[in-house]
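Coordinate analysis (summary)
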Amino acid sequence: MTNEEEIVKNIIFPLGQRLRKGLVTYKLCQILNCHLTLDPSSPFLNLGNGIRESKYNYLYNELQWYMSKDLSIKGHSGIEGNPIWQGISTDHGKINSNYGYLVFDERNYSQYDRALSQMYKNKDTKHAVLIYTRPQIVNEWNDNVHAKSDFICTYATSFMIQDNKLYMNVHMRSNDFFTGFFNDFAWQVFIYRKFMADVRKKYDVQIGSIFWNTDNMHVYERDYALLQDLYNYYKGK
């Protein structure tokens, strides 16, 4: 299936059906244990012929900020003024979820370099893992030092080779479908393609898939109408 078909089958239809039945929690419509098999060829998504598509300018700004590895949103175009980031950061702009810091910075144990090193040592390794969260997050997500309200959504990702194809597993605690998922997918495709390019310096491997696993995939009340529009669009096809 295409990425669009995977998303419609495993996210839009299940969420849309729960919304239509009134199966919602406080300002939230959710499904649990969501799994997708996605093609990493492009980081961009377009659903419902433009009803919801990737926001290219935002993704560019987010990538620039991530690659700065700065744990503050201050001074970063398109990020500092973003209401979601503003809402979870401290008065000084501090957050936990700069994914570039979590993946690349030596202060977070150089996750990317260590994973690549494991893959170089053993093509069949199960140790090429990038760990995003940490035990301390149970205190640091809202201590107003590290963040005001930022509980890292991604647990970890891993890379494995099977049948000479490179596969990526993404394990997430939580995904807001209309913001987090679109942006997180673009980031993970960026990481996948970078890792693939680096792995190909040693091994002749082909493109595999991204297996996306989310404990809680949800839509907030503010986006119920958008979910209904997508549900109706695909139900009518």
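Remember, it's a predicted structure, so these values are computed and weren't measured experimentally.

Running from N to C, helix α5 (residues 111-121) and helix α7 (residues 177-199) cross one another at 40°; their axes reach a closest spacing of 11 Å. If you check the angle between α5 and α7, you find them oblique. Like other packed secondary-structure pairs, α5 and α7 cross with a definite hand, here right-handed. From α5, Tyr-112, Ala-115, Leu-116, Met-119 and Tyr-120 reach across to α7, where they touch Ile-191, Lys-194, Phe-195, Asp-198 and Val-199.

Right, let's get into the packing of aromatic side chains. Enumeration according to the criterion identifies 23 aromatic pairs in this entry. For the ring pair Tyr-66 and Tyr-99, a centre distance of 5.6 Å and an interplane angle of 25° mean the geometry is stacked. A residue pair is termed long-range when its members are at least 10 positions apart, and Tyr-66 in helix α2 (residues 56-68) and Tyr-99 in helix α4 (residues 99-104) qualify at 33 residues. In this structure Tyr-99 comes out as buried when scored by relative accessible area, which is 3%.

So, on to the nonpolar core. Soluble globular proteins tend to pack their nonpolar side chains together in the buried interior. Membership of the largest hydrophobic core comes to 67 residues, with the highest contact counts inside it found for Ile-12, Phe-159, Phe-177, Phe-181 and Phe-195. It is α7 that provides the largest number of residues to this core, a total of 13 residues.

What follows concerns α2. Given a rise of 1.5 Å per residue, 13 residues ought to cover 18 Å, and the 19 Å separating the end C-alpha atoms of α2 matches this to within 8%. Of all the residues in α2, the buried ones are Tyr-58, Leu-59, Asn-61, Glu-62, Trp-65 and Tyr-66. Down the axis of α2, the sector holding all buried residues measures 165°, keeping them to one side. Opposite its buried face, α2 presents the exposed residues Asn-57 and Tyr-60, each directed more than 90 degrees away. Packed against the buried residues of α2 are α3 (83-88), α4 and α7. Where α2 terminates, the next one or two residues include Lys-69, which has phi positive at roughly 60°.

What follows covers the sheet that holds strand β4 (residues 129-131). Taking strand neighbours across the sheet as the criterion, the 5 strands line up as β1-β7-β6-β5-β4 in an open arrangement whose pairing is mixed. In this open sheet, the two edge strands, each paired with only one partner strand, are β1 (28-38) and β4. Within the sheet, the average angular offset between the axes of one strand and its neighbour, ignoring direction, is 10°. Note that β4 and strand β5 (residues 154-162) share 3 bridges and pair antiparallel. Bridging from a neighbouring strand, Leu-130 pairs with Thr-157 of β5. Along the sheet, helix α1 (residues 3-20) makes contact with β1 and β7 (206-220), crossing β1 at roughly 165°.

This part covers unusual backbone geometry. Despite not being glycine, Asn-49 has its phi angle at roughly 55°, a positive value. Looking at where Asn-49 falls in the secondary structure, it is placed in the loop between β2 (46-47) and β3 (52-53). For Asn-49, a relative accessible area of 68% gives the class exposed. Its identity is not glycine, yet Lys-69 carries a phi of approximately 60°, on the positive side. Its location among the elements puts Lys-69 in the loop between α2 and α3. Relative accessible area serves as the criterion here: at 30%, Lys-69 is assigned to the partly exposed category.

Take the pairing of β7 next. Pairing geometry for β1 and β7, over 10 bridges, is antiparallel. Residue pairing for β7: Cys-29 is matched across the bridge by Val-219. In the sheet, strand β6 (residues 165-176) pairs with β7 via 10 bridges, with the strands oriented parallel. Bridging across to β7, Asn-175 finds its partner in Met-217. On the question of chirality, the crossover connecting β6 to the parallel β7 by way of α7 is right-handed.

Calculation rules
Residues numbered from 1 in each chain as written. Predicted model: local features only at pLDDT ≥ 70, side-chain atom pairs only at ≥ 80, totals over all residues. Heavy atoms only, no water. Axes fitted to C-alpha atoms, helices over the stretch in contact; angles between N-to-C directions. Helix = DSSP H or I, 4+ residues; strand = E, 2+ residues; numbered from the N terminus. Parallel < 35°, antiparallel > 145°, perpendicular 65-115°, else oblique. Left-handed = near helix turned anticlockwise from the far one by under 90°. Contact = heavy atoms within 4.5 Å. Phe/Tyr/Trp six-rings, centres within 6.5 Å; stacked < 30°, edge-to-face > 60°. Buried < 20%, exposed > 50% of the residue type's maximum accessible area, 1.4 Å probe, protein only. Core = buried A, V, L, I, M, F, W, Y, C linked by side-chain atoms within 4.5 Å. Expected span 1.5 Å × (residues − 1). Arc of directions from axis to C-beta. Pairing = 2+ DSSP bridges. Right-handed = clockwise from strand over helix to strand, strands pointing away.

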